[in-house]
Each structure stands twice: as structure tokens, then as C-alpha cells.
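Spelled out from the first residue to the last, the chains are:
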Amino acid sequence: MPQTAAQQLIKDIESLARLDNRYEDLTCVNLDGAKRTGVCSLVFKARDIQNNSDVSIKFIEPMHLGIAYRLKAFEREPDILEVLKGTPRCVDLIEGCKHFTWQLDNNGMPVNITIPYFVCEWLDGDVESIFLEQQNYEALFKLKLFREIVLAVRAFHSKEVFHRDLKKDNFRKRAADDCVVAIDFGTAAGKKRTKTVNTEDYPSEPVGANAFSPPEAFITPLGSHREIGTQYDVYALGALLFDLFNVDHFVKHRAATNFDNLLSILSMQVAGTSDEDALLAKWREVITAHEKSVAKMKLNGRGNTIPKAVMSLLNDLFNSMVHINLDKRISLESCLKKIDSAIRVMENDALQRRRLKINAIRRRNRLRKIEAREKRLLEHLANKRIAGTSNV
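Residues numbered from 1 in each chain as written. Predicted model: local features only at pLDDT ≥ 70, side-chain atom pairs only at ≥ 80, totals over all residues. Heavy atoms only, no water.

Visitor: Looking at this structure, I do not really get the sheet that holds strand S10 (residues 171-173). What am I missing?
Guide: Each strand in a sheet pairs with its neighbour through backbone hydrogen bonds, running either in the same direction (parallel) or in the opposite one (antiparallel). A sheet is described by the order of its strands in space; here 3 strands give the open sequence S8-S10-S11, paired in antiparallel fashion. Looking along the sheet, the strands with just one partner apiece sit at the ends: strand S8 (125-126) and strand S11 (180-182). Its contacts with the sheet put helix H4 (residues 139-157) on S10 and S11, and the angle it makes with S11 is roughly 40°. (Pairing = 2+ DSSP bridges. Helix = DSSP H or I, 4+ residues; strand = E, 2+ residues; numbered from the N terminus. Contact = heavy atoms within 4.5 Å. Axes fitted to C-alpha atoms, helices over the stretch in contact; angles between N-to-C directions.)

Visitor: Got a minute to help me understand the confidence of the model for the protein in this structure?
Guide: Note: predicted coordinates in regions of low pLDDT should not be interpreted at a detailed level. Chain-level statistics for the protein give a pLDDT mean of 88 and a share of 92% at 70 or above. Here residues 197-201 scores under 50 on pLDDT; set against residues more than four positions off or in separate chains, the count is 7 contacts. (pLDDT = per-residue confidence, 0-100.)

Visitor: Sorry if this is basic, but what is going on with the pairing of strand S7 (residues 109-121) here?
Guide: One face of the sheet, then the other: side chains in a regular strand alternate in exactly this way. By the bridge criterion, 5 bridges tie strand S5 (residues 53-60) to S7 in an arrangement that is antiparallel. When the sheet's bridge partners are listed, Ile-57 is paired in S7 with Val-119. One ladder, built from 11 bridges, connects strand S6 (residues 93-106) with S7; its direction is antiparallel. Following the sheet pairing, Leu-104 is matched in S7 by Val-111. Counting the residues in the hairpin turn of S6 and S7 gives 2 residues, including Asn-107, whose phi is positive at 55°.

Visitor: Help me understand empty space enclosed by the protein, please; the structure alone is not making it clear to me.
Guide: In this approach a probe as big as a water molecule rolls over the atoms, and the regions it shows empty are the leftover space. Summed over all chains, the structure comprises 2 cavities of 30 Å³ or more. If you add up the space inside the second largest cavity, you get close to 40 Å³. Residues of the lining of the second largest cavity, tallied by class, amount to 5 nonpolar, 2 polar and 3 charged. (1 Å grid on protein atoms, 1.4 Å probe; cavity = no way out; pocket = protein on both sides within 12 Å on 5 of 7 lines; lining within 4 Å. Points joined across faces, edges and corners; volume = space filled by probe spheres on them. Nonpolar A, V, L, I, M, F, W, Y, C, P; charged D, E, K, R; others polar.)

Visitor: Quick question: what am I supposed to make of the environment of Ile-330 here?
Guide: Looking at where Ile-330 falls in the secondary structure, it is placed in the loop between helix H9 (311-321) and helix H10 (332-391). In the structure, Ile-330 is positioned 96 residues away from Val-234 in sequence and 7.5 Å away in space, judged by C-alpha atoms.

Visitor: Can you walk me through the side chain of Thr-187 in this structure?
Guide: Looking at where Thr-187 falls in the secondary structure, it is placed in the loop between S11 and strand S12 (189-190). Discounting residues that sit within four places of it in the chain, Thr-187 has contacts with Arg-76, His-163, Arg-164, Asp-165 and Val-207.

Visitor: Sorry, what's going on with the layout of surface pockets here?
Guide: For the second largest pocket, the calculated volume is near 360 Å³. Ranked by residues supplied to the lining of the second largest pocket, first place goes to H9 with 4 residues. Each residue belonging to the lining of the second largest pocket can be placed in one class, and the counts come to 8 nonpolar, 5 polar and 6 charged.

Visitor: Mind showing me how you'd approach the sheet that holds S7 here?
Guide: Strands sit in the order S1-S4-S5-S7-S6 across an open sheet of 5 strands; the sheet is antiparallel. Across the chains shown, the open sheet's two edge strands, defined by having one partner strand only, are strand S1 (23-28) and S6. When strand polarity is set aside, the average angle formed by the axes of neighbouring strands in this sheet is 30°. On top of the sheet, helix H1 (residues 5-14) reaches S1, strand S4 (41-48), S5, S6 and S7; it is set at about 110° to S6, its chief contact. The sheet contacts of helix H2 (residues 68-83) involve S4, S5, S6 and S7, and relative to S7 the element is tilted by about 30°.

Visitor: What is the right way to look at the packing of helix H7 (residues 259-270) against helix H8 (residues 276-290) in this model?
Guide: A pair of packed helices is characterised by two quantities: the angle between their axes and the separation of those axes. Relative orientation of the contacting elements H7 and H8 amounts to 140°, with a least axis distance of 10 Å. Taken together, the axes of H7 and H8 lie oblique to each other. Relative to H8, the crossing made by H7 is right-handed. On H8, the residues touching Leu-262, Leu-263, Leu-266, Gln-269 and Val-270 of H7 are Leu-279, Lys-282, Trp-283, Val-286, Ile-287 and His-290. In the contact of H7 with H8, the residues fall into 8 nonpolar, 2 polar and 1 charged. (Parallel < 35°, antiparallel > 145°, perpendicular 65-115°, else oblique. Left-handed = near helix turned anticlockwise from the far one by under 90°.)

Visitor: Is there a simple way to think about the packing of helix H5 (residues 229-245) against H9 in this case?
Guide: In contact at an axis separation of 8 Å, H5 and H9 are set at 140° when each is read in the N-to-C sense. In the packing of H5 onto H9, the handedness of the crossing is left-handed. Contact with H5, carried on its side by Val-234, Tyr-235, Leu-237, Gly-238, Leu-241 and Phe-242, involves Leu-317, Phe-318 and Met-321 of H9 and no other residues of that element. A breakdown of the residues in the contact of H5 with H9 according to their chemical character gives 8 nonpolar, 1 polar and no charged.

Visitor: Can you walk me through the pairing of S4 in this structure?
Guide: Counting buried positions along S4 gives 6 out of 8 residues, so the element sits mostly inside the fold. The pairing of S1 with S4 spans 4 bridges and is antiparallel. Bridge assignment links Thr-27 to a residue of S4, and that residue is Lys-45. Alignment of S4 against S5, held across 8 bridges, turns out to be antiparallel. Note on S5: the bridge partner recorded for Lys-45 is Ser-56. Linking S4 to S5, which pair antiparallel, is a turn of 4 residues; within it Asn-52 sits at a positive phi near 55°. (Buried < 20%, exposed > 50% of the residue type's maximum accessible area, 1.4 Å probe, protein only.)

Visitor: Would you explain H2 in this entry?
Guide: Count 3.6 residues to each turn of an α-helix, and residues three or four apart come out pointing the same way. The end-to-end C-alpha distance of H2, which contains 16 residues, comes to 23 Å, matching closely the 22 Å that a straight helix rising 1.5 Å per residue would cover. Of all the bends found along H2, the most pronounced is centred on Arg-76 and spans about 25°, while Pro-78, a proline, follows it within four residues. Among the residues making up H2, those that are buried are Tyr-69, Ala-73, Phe-74, Arg-76, Glu-77, Pro-78, Ile-80 and Leu-81. The inward-facing, buried residues of H2 contact S4, S5, S6, S7, strand S9 (161-162) and S12. (Expected span 1.5 Å × (residues − 1). Bend = angle between axes of the 7 residues up to and from the residue.)

Visitor: For this particular structure, what's the right way to read unusual backbone geometry?
Guide: Keep in mind that most residues, glycine aside, have a negative phi and that most peptide bonds are trans. Positive phi is not limited to glycine here, since Arg-164 has a value of about 70°. A positive phi angle, close to 55°, is found at Asp-184, a residue other than glycine. Position of Asp-184 among the secondary structure elements: in the loop between S11 and S12.

Structure (C-alpha cells):
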């Protein structure tokens, strides 16, 4: 079976003794046979001999070189990471956009292809597996993990950067401080940054993963509007919260509401409005008129692992994060306050249960001591009666 361009590029890069006279032992980590993670890039783990540390090197997928939006978005990512450099809870950029000359043989004719790449810190800590095996983790642990994720999002929002592709595999843990770190800013943008390409070159689908995208992201070109980027991320965080506590995925739960039908109706109502600002104003008008037609989703879905003590609190938080009206979504600061309240309730509840358990153990121990004393007393009295009988 002939190799794809990506497979050939991987083979050629992994065979390099050293890339840019600095990086050794390059190994692709997101394409293993037919299994692929990540859509637009090839990611390699390598050893940086200059800093004596492991790094992550990201190359664009060769098939996307001819797609203006994909290429510009890839080249923009290191620029975004430069803005975030030194920001806690964000992946650290080592080297900005560089270029690798890929030499191909086209039926005996040598061809050179320029492949852009950039280098970031390597993060070993896995977060995705916790989502995939969420039923095996305590609720308090999971809520504290979600708080860490929200803090990571708040960190890059503070730099007026929004991600637009928040999902479980776009967070890692840094071993040095064990904090959750946001990665993969390939679809990110800055509030004050100009767009990479013309509006008509944007994809018709949401910029990020459909399963975590808010309704406005499905309206082209509204999803690329710089004013709604933060609300875009808040919605995705709500979807992550659902997946962290439920057997079913958020997208399946959302499909059971009137979401898809309403989205079709709203799309028709705003059709023909091409100016972004006018489209956003029209969207706000129609969504306000129709928002009540969508049933509220419940965080406590089938087989959920949410403690009863915080069921109502977390349900309210979830619905305020995934509200169909972007203007009614909760801020991250308010979100953190609700999370902290829920954590306190859960910790107090756990403490109370531990106290009750300890008290129950103490009561059992006291009863056993009393029973032991009574037994010894009865044995003593019985022995006295036997001794008295013997003396008669």
C-alpha cells in the first residue's frame, strides 16, 4: 500500500540525525498507523541538546499546505504563543516558526517542499485519560481538575486570546508544578489581532470541534467574530464539565434537545447578512426571541457521578455555561466562585461523613468494651458461685 504524504514526511523526519543542528531523536506521537490525533499537524517528541530537555515539534500536515486558511492559522499559532510566553498554565514556546526543506523524488526529478514548524515545551502529564475513564475517579478529584482547566482558560483570556477548540486532549499536566496547561492554539485568535485570511476563505464548519462548539459557531462567518471568542470558550468548558461526570457525551445529550431544529431555523432567519457586526446584531435579536424553545440540559445525565449535595449547584453552573444565548453565559470569574462553593460543600460533606464513620467506629468500640467487661463480670460471678459450691 503506497504511503501518504504525511507518512512519508514522518519517515523522513524520524530518519534525521539532527534537525536544525539542535533537535535529536525525533519521534511522531500523533500518527500511529491508521490511528490519528490532531487534524492539521504532525507532532514529534524530540531532545533539545541546547537546553538538555524534551520538546514538542509541530509540523503542518503536508496536505494542508495549499489551503490558505489552514496554512495561515498554522503560522499564526507560534505568534499567539509568543504573546502568551511566560503566562502560567499555557504551553511555553521554545522557537517560533521555522522551515524544513523536505526533499522528494518525483520519478527521478528532485523536488523541494518547504514545511513550516515550531517548537514548544514537552508536557508528559495526561488529562484526556481522566475524561475517558471518569467513572474511576472521585467526584471531588474531577471537580478540582475542572477548576484547573478553567484557570488555564482564564490565563490566556487575560491576554485577550481565545482558543475556540477546547476539548479534553488540548490540556496536559506539567510535571514541574502539576498544574493543568492549555495546548494546541492552532485555532486560537486574539481579540485585537487581524484575521489570517479573508472571510470567504474561512471554513463553513465551526473553527473547532463540532461536539464542543456553541450554536453561533455554526453560522458562517459569525464563529470568527472577535467579540464572541470568550463566550465560545465558556460554552466548550460547559461541554467538558458534562463529559467529566457522565457516561454519555455532551453532543449526544445536546442532540436530545431542540438544538438542531432551532439552529436550522435561526440559520434561515439570519441568512443573507454578510457583514459580521450586522450578523452578530441579527443573531442576538433572533436568539433572544427563540431561546426559551430549547429545553434546559441537565448535568446529571444517565449514569452520572455527581454527588447529591452539589447536584443543584453544578446543574445551575452547567446551564449558565452552555446557555444558547451567548450574552447569558457565565463569566469565568463567576464560574470559579461556583466551583469553589461546590468544592467546599463536597469537602465539608466528606468531612462530615468521615466524622460520622469515626463516631460509628468509636461507638462500636465502646459497645465492644462494655460487652467485654460484662462478659468478664459474668465469668467472675460464675467462677465465684462454682468456688462457693465446692467449699460446701
